[in-house]
Amino acid sequence: MSKHPGIQKKGIKFTLFMLFLPLMAIASNSVFEDITQKSGVNFNHFNGMTGKFYFPEMTGSGGALFDYDNDGDLDLYIVQGALLGKNDTLKDTLYKPQQPIGDKLYRNDYILNGKVQGNVSFTDVTEQSKLVVTDYGMGVAVGDYNNDGWRDLVVTNYGINRLLKNNGDGTFSDQSDALKQSQHRWGTSASFFDYNNDGWLDLYITNYVDYDVNNLKKCYARNSRLDYCGPAAFTPQADTLYLNNGDGSFSDVTFKTLSDYQAGPGLGVIADDFNNDGWLDLFVANDGAANQLWLNQQGKGFVDDALFSGTAFNLDGQAEASMGVDAADFDNDGDSDLFMTHLMGETNTLYKNDGTGLFTDVSQKMGLGLSSLPYTAFGTAWLDFDNDTFLDLVVLNGAVTSIESQLQAGEIYPLKQPNQLFKNISGRSFKELKGELVSSLNQSYVSRGAAVGDLDNDGDTDLIVFNNNGPVRILQNTYTQKPNWVGFSLNSKQFKRISYGAKIEVKLASGKSIWRRVRADGSYCSANDDRILVGLGNNTKINQVVIHQSSKKPHILNSFKLKQYNSITL
């Protein structure tokens, strides 16, 4: 995958990226520093609002952190909005776009021409990449669908979705016809994953509701003021499961493969092996309806196990307004747990996995309940911001109906809320961080998508916040780090791509293990760094690293280096 030279050792190709800076020795007043302006990113989301309260204008959008040019650092794709009504013009909009309307691709020049520059700096390469995407954008998924060693994109829209093939020369070509779309849908989050273990990445796209901006349905707040509608006012749209045919085309196998499928208003999706049987499952977060946990039947189909597993509803047996979702092992017990974001007045929900795919709602017990009640949350991500071995939580907030105090103050778009960061206390509870530590998160925007990754290869996790009708914010992790970490980029030799779904078990000298999964999906309408970053806390020695892959024997990795990313090809 990388252009950097590698060496052969014990049948495994190792490319040891020497792409990191010394860890900071001095504590920062904030976990994250906003480096948006000095990084060169100048992007404001445009939702096309005209005062007509079109439903899609307050739901988008997200973006992706991914290495499009295989130079070893993370680049940035940002999804943009557009005008919605067929008769709308820019003169009708309440906010004017600050740039020409269209999605943007920014190249990260932390590494430029093979050399580390020392600072995160982005260059707008949209035009030279031949990307011309001017749809009403929602989300983005990253995956190498044709196994040529270059990461491709799927951009979901209110309308036709886009499949953007990475040509490997800095340009992309539109291959959307391969998705054989037959009708107008409202795509939101998406995930590339290999459900039948044939080596080709399949694709799941969540669709929301059947909504026509040109046949406007009016909805009202409790005070009788015109406001945004919710999903209950419309018919849910069926999601789409695409089988990768291995020849550059896809087949819609939704109703053939998902047993007794019933459409839900889908906003979030993530692929993981929740019952540890060696086959990737799917979790779909539905807004105001029962969630779906599609258990993989050895590549032959899926069965919805959400009700039996305890993930369809919350602890009180109620469906919640599920928006964002992420899966990871927050308590280091070897299985993937689930976290979902919800509407103001509902608690965000943490589902603990017992290792067999049965879950318990532990939101209140773990301290994640009451703190979420005042907010409507969308984007979320598990990240170990202080590298203490336990995954913390970031939650991005922004209302969906007007906030009265902001209306009274004359705010044109009265949906702004601060974001949140929760520290994981050794897998036993979570504590919300406040004050100066999260000053960069306390600024109120209408936040939607979140993407996480290591922008400067220094061994800590940075954060991109995608704001609706506001600026994209680049938040660099500046917190004092524990001295030890290890990173991995896991590639398939046979299929020439990142090994989505594989899990890495880091066995510490203390006898404890840390588990991480190779993925890009999760959050809300966004895609993340597909490398694995493991913070080691005070641990100075790793006994062993074990790679677990579907339908393959575990592979023991005995040679790797700390404080850098080890590129491994199996």
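Coordinates for the structure precede this section.
An account of the accompanying structure is given in this report. Fair warning: this is a prediction, and the values are worked out from it, not measured in the lab. (Residues numbered from 1 in each chain as written. Predicted model: local features only at pLDDT ≥ 70, side-chain atom pairs only at ≥ 80, totals over all residues. Heavy atoms only, no water.)

## Some thoughts on the pattern of salt bridges
For the coordinates displayed, the defined rule picks out 20 salt bridges. One salt bridge connects D124 with K104, and the closest N-O pair in it is separated by 3.2 Å. Taken as a pair, D124 in strand β9 (residues 122-124) and K104 in strand β6 (residues 104-108) lie far apart in primary sequence, 20 residues in all. R107 is the partner of D109 in a salt bridge, and the nearest nitrogen-oxygen pair spans 2.6 Å. Of the two residues, D109 and R107, neither departs from the other in class, the shared state being buried. Bridged by salt links that share partners, the residues D272, K503, R517 and D521 form one connected network. (Salt bridge = Lys/Arg side-chain N within 4 Å of Asp/Glu carboxyl O. Helix = DSSP H or I, 4+ residues; strand = E, 2+ residues; numbered from the N terminus. Buried < 20%, exposed > 50% of the residue type's maximum accessible area, 1.4 Å probe, protein only.)

## Remarks on the side chain of T347
Summarising the element assignment, T347 is placed in the loop between β25 (337-340) and β26 (349-353). Residue classification places T347 among the buried positions, given a relative accessible area of 15%. With near-sequence residues (within four places) excluded, T347 lies in contact with E320, H342, Q364, G369, S372 and L373. (Contact = heavy atoms within 4.5 Å.)

## What to know about the packing of aromatic side chains
Going through the model one piece at a time under the given rule, you end up with 28 aromatic pairs. Each member of the aromatic cluster is reached from another via a ring pair, and the members are F55, Y158, W186, Y208, Y211 and F234. Positioned above the aromatic ring of F378 is the side chain of R448, whose terminal nitrogen or guanidinium carbon lies 3.9 Å from the ring centre. (Phe/Tyr/Trp six-rings, centres within 6.5 Å; stacked < 30°, edge-to-face > 60°. Lys NZ or Arg CZ within 6 Å of the ring centre and 35° of its normal.)

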